[in-house]
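A closer look at the structure
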Amino acid sequence: MARRRSQVESELIVSLQDRVSGPARGVENSLRRMEDNVRRQQRQMDMARGQMFDAAAVGYIAYRAISEPIGAAVEFQAQLEGIRQKAELTREELAALGEEARDIGLSTSQGAKSITGALDTLLGSGAVTEDQAKIIATPLGKAASAYDASTDDLAAAAASLVDNLNIPAEEIERAYDIMAQGGKEGKFELRDMAAEFPGITAAAKALGIEGSAGLADLVALLEVAATGAANGAEAANNMTNFMRKVMAPDAIKKFGEHGVDIVEEMNRAVEAGVSPMEHALNIIGQITEGGKQDLLGGLFADAQVQAFLLPLLQNMEEYKRIRQEAIDAEGVVERDYQEWLTTPGGAIARFEASIENFNLAVGNSLLPKLTEFIESVTPMIDSVSDFVEANDKLVAAVLEMAAALIALRLATAALSFGAGFMGLTGGKGLPGTAAGAGVGAGVGAGVGAGVGAGAAAATGAGGWFAGATAAGKNFLGTAFGKAVGAYGVFELAQLANSQGVGEGFDANRSWDHNVVHALDPALAKIIYEGFNPLPVMSERLGVTGREGGIAGNCIQVARISRK
């Protein structure tokens, strides 16, 4: 009896092993296939992310590659148009001027736009012609680079030298040399002179000061005057005050009290080719005994005039020395520019000028096509705008509908992701077998959170819808929004015709329910009719138990295994 019982138990164990080992191996193989499927999906997702990143990067690079040259070309053309209006140039002359400005900008390391701005200032002054402006531009650009000066200030200074001191445009390069050398001898540098010279030269013109010799005289006067001033602007203001008041009625009277006809003396100096400023300083020095404060106050009560005269009366020899150094200057700007090019700052500026020139070359080649495109599109935009104005309520409804569809699209994507993550595709070969059903149930329970996420996204679509609708209404308030809305009307009409939307509308549904139903009836059931897709998913997996949860799925696996 005992032997029989032992034999039965052995047979039962063998039988159980046979019944269990097969399904177990099936489960193991299924799990391996699912792991392979997950890895394959992960690789696809990684590849998709990489492609999206690459596309975004390429798009951004393309945008920057096109937008910067076009922006530079548009700005450059606007500068040229300003010049054309001032100088009344033909389009051909303007194009040639633009090409020359680019060449000068490159050779002076200033860039085309900086040089074009200087040309605009020169031509706007009315003191120089187009040809003279182009002659001035090269030394101007080099001076601006070498001494970190403003091209606009240098252009205004050059125009004042031509207009007020009668210095020919061909001699402006030497004029910059005189100014630069004077700056080296004192503390009033070329960039300071450039900013102050329009006012100084206007006052000097009234005294008969002109030419390169007159310029050197003014430079030397400024350098010495700067020793008694807080800064260059103050020194320039003091000097301008003196030049305007030296032959004023009050000064004429005061000089007359000392037996001096100051007007006659100044005119005699100009006729003799002597500096009228130096002549006046000599007379004042004699009257004031070398600049005594009480005697000087008797001639000029103005404190600024006294601030100008005192350092000069005390340093007449230094004034003459600086004037001679300035008048002898030659090639100063060119030497300093070439030396500046060897510095890191010079190299960087030269590189930036090259980049700007490249952008202009590319942008100028793209502008004709861009202009042609804009001219062809503008009438279309105008017609759409007219349509929007006439159908504003219709466009508003379309925008609200578009906003809702965007929100629903997000919900659909979430549901699709949840379903795909559950491995429905990977489980096609499993239903119908005990192992397949068991694995399907276990995996379904394990990734229930993924389905929950998709359902939650669908449930939360209302929030997205409300926000998107509000944004759509705000967007409609813009001109571009109106154009997009009108375009949406046309697109929606085409969509309706292709989907047969008109036939599926139900008066008992909301308008957005009707639209979603026409586009995707299954999605409409989930969103609006409370349809739960989980039982259907469970049935596809072969799980029909009602216990639910991990425990229920395990019981279901056991039941299937016992069959």
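See the structure printed just above.
These lines cover the structure that appears in this document, whether it is placed above or below. (Residues numbered from 1 in each chain as written. Predicted model: local features only at pLDDT ≥ 70, side-chain atom pairs only at ≥ 80, totals over all residues. Heavy atoms only, no water.)

Put simply, helix H4 (residues 130-147) and helix H6 (residues 172-185) touch, their axes get as near as 9 Å, and they point 20° apart. Comparing their axes, H6 and H4 come out roughly parallel. Seen along the crossing, H4 lies across H6 with a hand that is right-handed. Judged by residue contacts, Ile 136, Pro 139, Leu 140 and Tyr 147 of H4 engage Ile 172, Glu 173, Tyr 176 and Ala 180 from H6. (Axes fitted to C-alpha atoms, helices over the stretch in contact; angles between N-to-C directions. Helix = DSSP H or I, 4+ residues; strand = E, 2+ residues; numbered from the N terminus. Parallel < 35°, antiparallel > 145°, perpendicular 65-115°, else oblique. Left-handed = near helix turned anticlockwise from the far one by under 90°. Contact = heavy atoms within 4.5 Å.)

This part covers helix H12 (residues 276-287). Spanning 12 residues, H12 covers 17 Å between terminal C-alpha atoms, matching the ideal 16 Å at 1.5 Å per step. Extensive coverage of H12 is indicated by the burial of nine of its 12 residues. Positive backbone phi, approximately 55°, marks Glu 289, located one or two places after H12. (Expected span 1.5 Å × (residues − 1). Buried < 20%, exposed > 50% of the residue type's maximum accessible area, 1.4 Å probe, protein only.)

In this model helix H7 (residues 190-206) runs 23 Å from its N-terminal to its C-terminal C-alpha over 17 residues, within 8% of the 24 Å that 1.5 Å per residue would give. Listed in full, the buried residues belonging to H7 are Leu 190, Met 193, Ala 194, Phe 197, Ile 200, Thr 201, Ala 203 and Ala 204. On its buried face, H7 sits against H4, helix H5 (151-164), H6, helix H8 (211-225) and helix H9 (232-245). Looking one or two residues past H7, Gly 208 carries a phi angle of roughly 85°, positive in sign.

With 98 residues, the main nonpolar core has Phe 197, Leu 215, Phe 242, Met 243, Phe 255 and Leu 309 as its most contacted residues. Element by element, the count of residues in this core is highest for H8, at nine residues. In contact with Phe 242, other than residues within four places in its own chain, are Met 277, Ala 280, Ile 284, Phe 300, Val 305, Phe 308 and Leu 309. (Core = buried A, V, L, I, M, F, W, Y, C linked by side-chain atoms within 4.5 Å.)

This part takes up unusual backbone geometry. Positive phi, normally seen in glycine, also occurs at Ser 109, with a value near 65°. Among the structural elements, Ser 109 can be located in the loop between helix H2 (91-107) and helix H3 (112-125). The class for Ser 109 is buried, based on a relative accessible area of 5%. The backbone of Asn 166 sits at a positive phi, close to 60°, despite the residue not being glycine. Relative to the elements of secondary structure, Asn 166 occurs in the loop between H5 and H6. Asn 166 sits in the partly exposed class, given a relative accessible area of 48%.

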